[in-house]
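Geometric and topological summary
These are the residues of each chain, in order.
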Amino acid sequence: VWSARWTRKAVLRVALVVAFAAGFGLAIAWQKAASPPGAQTYFERAVAFVRDETKGIVPNKGPEDPQFRYYAALSAMNYVQANLSSARYSYFARTRKDDFRKPGPTEACLAEGIGICGNHIRAFLDIMEALAVPARSVQLYFEDTRGKRQSHIVAEVEWGDRWHMFDVTWSFVAFGEDSQPLSYAE
């Protein structure tokens, strides 16, 4: 016979599992709901979404315009962050173990809704390239508190004869005194 206390614990556990599973599906559901008509692939949907959002903010401007590049980078960063989950990646890597295969190309990452910093940057750079916005990756190396070598990757987007850093994984942009995003070197 179960006690009332055990039943509450069991109900709470089930509720947490359901909430956790729903959270995993949320980004993919949002991505599908935000897809413009006629887009065939996840990547085409991503590019169309970022282009439409950017054109809505800076109408009548194209990829050669600094404002277009800035807002396209922000939109692409937000899109990638919302649709490629590092948490889902870690969860699948731990629970699937031998069956887990790291997604490679952007299309696979977007379709599965998983990715870590390298996947985030690859998707971001692919979107920027499709929009004709100059962008590049910057690999960072550092030692953690245990002295173990680690790495991270960020992106830079060019406008106004300068590069501007976007950490897509952490949705981080450092701004200078001129209110413009700084480059990694700055």
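Within each chain, residues carry numbers counting from 1 in the order of the written sequence. Only residues with pLDDT of at least 70 get local features here, since the model is predicted, and only at 80 or more are side-chain atom pairs given and counted; chain-wide, interface and lining totals rely on the full set of residues. As a rule here, side-chain values cover all heavy atoms of the structure and leave hydrogens and water aside.

1. Points about the overall build of the protein chain
What counts, and what does not: In DSSP terms, a helix is any run of H or I states spanning at least four residues, a strand is any run of E spanning at least two, and both are numbered starting from the N terminus. Accessible area is worked out with a 1.4 Å probe on protein chains only. A residue is then buried under 20% of its type maximum, exposed over 50%, and partly exposed in between. Note on definitions: a residue-residue contact is assigned when non-hydrogen atoms from the two residues lie within 4.5 Å. Per-residue and other accessible areas were derived by the Shrake-Rupley procedure at a 1.4 Å probe size, with only the shown protein chains allowed to occlude residues.
Counting its regular elements, the protein chain contains six helices and three strands. Listing each helix as α and each strand as β along the protein chain from the N terminus yields α-α-α-α-α-α-β-β-β. Across the 186 residues that make up the protein chain, the buried fraction comes to 40%. A separation of at least 24 residues holds for 52% of the contacts in the protein chain among residues at least 6 apart in sequence. In the form shown here, the protein chain has an accessible surface area of approximately 11,100 Å², with 56% of it arising from carbon and sulfur atoms.

2. Overview of the pattern of salt bridges
Note the cut-off: Any Lys or Arg side-chain nitrogen found within 4 Å of a carboxyl oxygen on Asp or Glu counts as a salt bridge.
Counted under the stated rule, the structure contains six salt bridges. Note that Asp126 is salt-bridged to Arg122, the shortest N-O span being 3.0 Å. With Asp126 and Arg122 both in helix α6 (residues 117–130), this residue pair falls four residues apart, about one helical turn. Note that Glu156 is salt-bridged to Arg136, the shortest N-O span being 2.8 Å. Of this pair, Glu156 sits in strand β2 (residues 149–159) while Arg136 is found in strand β1 (residues 135–143), placing the two residues 20 residues apart along the sequence. On the basis of relative accessibility, which here comes to 2%, the residue Glu156 falls in the buried class. Here the salt bridges share partners, and the residues they tie into one network are Arg162, Asp178 and Glu186.

3. A closer look at the confidence of the model for the protein chain
Stated precisely, the cut-off is as follows: On a range of 0 to 100, pLDDT expresses the predictor's confidence in each residue.
Of all residues in the protein chain, 79% attain a pLDDT of 70 or more, and the chain-wide mean is 83. Here residues 16–22 scores under 50 on pLDDT; set against residues more than four positions off or in separate chains, the count is one contact. The model gives residues 24–30 a pLDDT under 50, and that stretch makes 13 contacts with residues more than four places away or in other chains.

4. Brief notes about the nonpolar core
Nonpolar side chains in soluble globular proteins tend to end up buried together. Formally: Residues enter a nonpolar core if they are buried and are Ala, Val, Leu, Ile, Met, Phe, Trp, Tyr or Cys, with the set joined through side-chain atoms within 4.5 Å.
Judged by nonpolar contacts, the single largest core of 33 residues is most densely connected at Phe124, Ile127, Met128, Leu131, Val157 and Phe166. Of all the elements in the fold, those that place two or more residues in this core are α2 (42–57), α3 (66–83), α5 (106–112), α6 and β2. Here this core takes eight residues from α3, the largest share from any one element. The residues contacting Val157, other than those within four sequence positions of it, are Arg69, Ala73, Phe124, Met128, Val133, Pro134, Ala135, Arg162, Trp163, His164 and Phe166.

5. Re the sheet that holds β1
The cut-off we apply is this: Any two strands with at least two DSSP bridges between them are considered paired. In this description, a line fitted to the C-alpha atoms serves as the axis of each element, helices being fitted only across the stretch in contact, and the angle between N-to-C directions of two axes falls anywhere from 0 to 180 degrees.
The sheet built from three strands is open, its strands ordered β1-β2-β3 with antiparallel pairing. In the strand order of this sheet, the two ends are held by β1 and β3 (162–166), each with one partner. On average, adjacent strands in this sheet sit at an angle of 35° to one another, irrespective of strand direction. Here β2 pairs with β3 via five bridges, running antiparallel. Residue Glu158 lies in a different strand from β3, and its bridge partner there is Trp163. Contacts from α3 reach β2 and β3, with the element oriented near 145° to β2. Its contacts with the sheet place α6 against β1, β2 and β3, and it is angled at close to 15° to β2.

6. Observations concerning the side chain of Thr106
Position of Thr106 among the secondary structure elements: in helix α5. Every residue in contact with Thr106, bar those within four places of it in the chain, is listed here: Phe43, Arg122, Ala123 and Asp126.

7. Brief notes about α2
So the rule is basically this: In a helix, the anticipated span is given by 1.5 Å times the number of residues less one.
Between its first and last C-alpha atoms α2 spans 23 Å; for 16 residues at 1.5 Å apiece the expected length is 22 Å, and the two agree. Among all positions in α2, only Tyr42, Arg45, Ala46, Val47, Ala48, Phe49, Val50 and Thr54 are buried.

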